[in-house]
Amino acid sequence: MNLAKFPRVSLAHLPTPLEPMPRLSALLDGPELWIKRDDCTGLSTGGNKTRKLEFLMAEALEQGADIVLTQGATQSNHARQTAAAAAKLGLDCHLLLEDRTGYNHKNYRFNGNVLLDHLHGATIEYRGPDLDMHAEMVAVADKFAADGRKPYVIPGGGSNPTGALGYVNCALEMINQFVTTGLDVDHIVHATGSAGTQAGLITGLCAMNANTPLLGIGVRAPKPKQEENVYNLAVATCEKLGCPGVVDRADVVANTDYVGEGYGIPSPAALEAIDLFARYEAILLDPVYSAKGAAGLIDLIRNGHFKKGERIVFLHTGGAIGLTGYTHVLPFGE
Ligand SMILES: *Cc1c(COP(=O)(O)O)cnc(C)c1O
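Cut-offs used in this document
Residues numbered from 1 in each chain as written. Predicted model: local features only at pLDDT ≥ 70, side-chain atom pairs only at ≥ 80, totals over all residues. Heavy atoms only, no water. Pairing = 2+ DSSP bridges. Helix = DSSP H or I, 4+ residues; strand = E, 2+ residues; numbered from the N terminus. Axes fitted to C-alpha atoms, helices over the stretch in contact; angles between N-to-C directions. Contact = heavy atoms within 4.5 Å. Near = heavy atom within 4 Å. Polar contact = N/O pair within 3.5 Å; in protein donor to acceptor, adjacent residues only side chain to side chain. Areas by Shrake-Rupley, 256 points an atom, 1.4 Å probe, with all protein chains shown as cover. Salt bridge = Lys/Arg side-chain N within 4 Å of Asp/Glu carboxyl O. Buried < 20%, exposed > 50% of the residue type's maximum accessible area, 1.4 Å probe, protein only. Phe/Tyr/Trp six-rings, centres within 6.5 Å; stacked < 30°, edge-to-face > 60°. Lys NZ or Arg CZ within 6 Å of the ring centre and 35° of its normal. 1 Å grid on protein atoms, 1.4 Å probe; cavity = no way out; pocket = protein on both sides within 12 Å on 5 of 7 lines; lining within 4 Å. Points joined across faces, edges and corners; volume = space filled by probe spheres on them. Nonpolar A, V, L, I, M, F, W, Y, C, P; charged D, E, K, R; others polar.

Novice: What is the right way to read the sheet that holds strand S5 (residues 123–127) from this model?
Specialist: Sheet strands associate in pairs through backbone hydrogen bonding, adopting either a parallel or an antiparallel arrangement. Spatial strand order, S5-S4-S3-S6: 4 strands in an open sheet with parallel pairing. Each edge of the open sheet carries a strand with a single partner, namely S5 and strand S6 (151–153). Averaged over neighbouring strand pairs, the angle between their axes works out to 25° when direction is ignored. Of the strand pairs in this sheet, strand S3 (residues 67–73) and S6 are connected by 3 bridges, and their pairing is parallel. Note that in S6 the partner of Ile67 across the bridge is Pro151. Contacting S3, strand S4 (92–98), S5 and S6, helix H6 (residues 133–146) crosses the sheet at an angle of about 160° to S3.

Novice: I tried to follow the site of the ligand on my own but got confused; where do I start?
Specialist: In the neighbourhood of the ligand, 16 residues make up the surrounding shell, with Lys49, Lys52, Ser194, Thr197 and Thr317 lying closest. Lys49 places a polar side-chain atom, nitrogen or oxygen, 2.9 Å from an oxygen atom of the ligand. At 3.0 Å, a backbone N or O of Ala195 approaches an oxygen atom of the ligand. Burial of the ligand by the protein amounts to 99% of the accessible area it has alone, namely 380 Å². When residues of the shell around the ligand are traced back to their parent elements, those giving at least two are helix H2 (49–62), strand S7 (187–192) and helix H8 (196–207).

Novice: Would you take a moment to explain the pattern of salt bridges for this structure?
Specialist: Where charged atoms of side chains with opposite charge meet at close range, the side chains can pair. Taken as a whole and assessed by the stated rule, the structure comprises 17 salt bridges. Here Arg8 makes a salt bridge to Glu54, at a shortest N to O gap of 2.8 Å. Of the two residues, Arg8 is situated in the segment before strand S1 (18–20) and Glu54 in helix H2; the sequence distance between them amounts to 46 residues. Two residues, Arg279 and Asp275, come together in a salt bridge whose shortest N-O distance is 2.9 Å. With a gap of 4 residues between them, Arg279 and Asp275 both fall in helix H10 (residues 268–281), about one helical turn apart. Here Asp275 falls in the partly exposed class, since its relative accessible area comes to 31%. Shared partners join several salt bridges into a network, and the residues in it are Lys36, Asp38, Arg51 and Glu173.

Novice: Looking at this model, I keep getting lost on the pairing of strand S10 (residues 311–316). Mind explaining?
Specialist: Side-chain direction in a regular strand flips from residue to residue, so the side chains alternate between the two faces of the sheet. Most of S10 sits out of view: 5 of its 6 residues are buried. As paired elements, strand S2 (residues 32–37) and S10 share 6 bridges and run parallel to each other. When the sheet's bridge partners are listed, Ile35 is paired in S10 with Phe314. Bridging between S7 and S10 involves 3 bridges; their strand directions are parallel. Of the residues in S10, the one forming a bridge with Val189 is Phe314.

Novice: Could you clarify how one ought to interpret the packing of aromatic side chains in this entry?
Specialist: Given two aromatic rings, one states the distance between the centres and the angle between the planes to describe the pair. Scanning the model with the defined rule gives 5 aromatic pairs in all. Taken together, Tyr103, Tyr108 and Tyr326 form an aromatic cluster joined through their ring pairs. Sitting over the face of the ring of Tyr289, Lys49 holds its NZ or CZ atom 5.4 Å from the ring centroid. A cation sits over an aromatic face here: Arg51 above Tyr167, 5.7 Å from the ring centre.

Novice: Before we go on, may I ask you to explain the layout of surface pockets in this structure?
Specialist: It is the rolling of a water-molecule-sized probe over the atoms that shows where space remains empty. If you add up the space inside the largest pocket, you get close to 690 Å³. Looking at the lining of the largest pocket, the elements that each hand over two or more residues are H2, S3, helix H3 (77–89), H6, S7, H8 and helix H9 (223–241). Top element by residues in the lining of the largest pocket is H9. It accounts for 4 residues. In terms of residue class, the lining of the largest pocket is built from 11 nonpolar, 20 polar and 8 charged. In this structure, the second largest pocket encloses a volume near 320 Å³.

Given below as structure tokens:
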């Protein structure tokens, strides 16, 4: 596998830090907890999509695009990082944002990620729930092309084999950090949604024969669907990298017990995770992804699945700016 042969633009502050969480570890009285700070990738408050965009935006530039399109939920971190990357590279950005929650609070609709989308100069169209958002986006891209523009379409979450290369790179970066700091890691845990993060990570881990189990905590789809999405994307990513067959179906593990009421609706356990990470480690989780991932981690420690004597790395995928879009669910007033 040779990651360097793929076009890439530098957008992220790398490597992101790998830090211990001693106060949270002591509180939960279970495994030793570490955190990989992909909330610190830097671009417009950071997050995991920035690593994917290093490869996706390079492809857009290579194809001569003058406008990038992508889609996501109203408070999409991916849409915001795409808008920021486009601004930095001098491309236009057009976003389709889907109402997946029915939330009507003004902060949800205009603050958080939406505020930053506007600041980066993106143009935005809104859509109701239950549409085929990818088809909607392709139809809009066709209109731009008919007007003589050169659109580049980025799938939701930046999750295709090109975007997943960003998380192959993260796997290599983590393995290097584990080796240089002598950290023997038993599990890596993170929130999984559109599957690119987990697919890229498992591809990199398996290609390096790291033997470190990876657990994705789901935020939307049921377990069979989530694992199938991750596996299919991992297979395609391995093909692209020239290492077909290194990921087995059994390497792909998702736990979807922590979705709660649905995508983008914080559960009580997610709100507790936000509270504990903020008060014990001064780390800000986001209400849609990392808080549900952390809620899963905390519950799996409390129920004895993860044990004392083990070492766990929680990959923080970012998104805390979304907290300001979710003030209506936080216990501090409007
Ligand atoms: C998109 C996102 C995820 C999920 O990553 P996928 O690659 O879509 O599975 C996790 N956390 C945050 C904060 C995100 O924005």
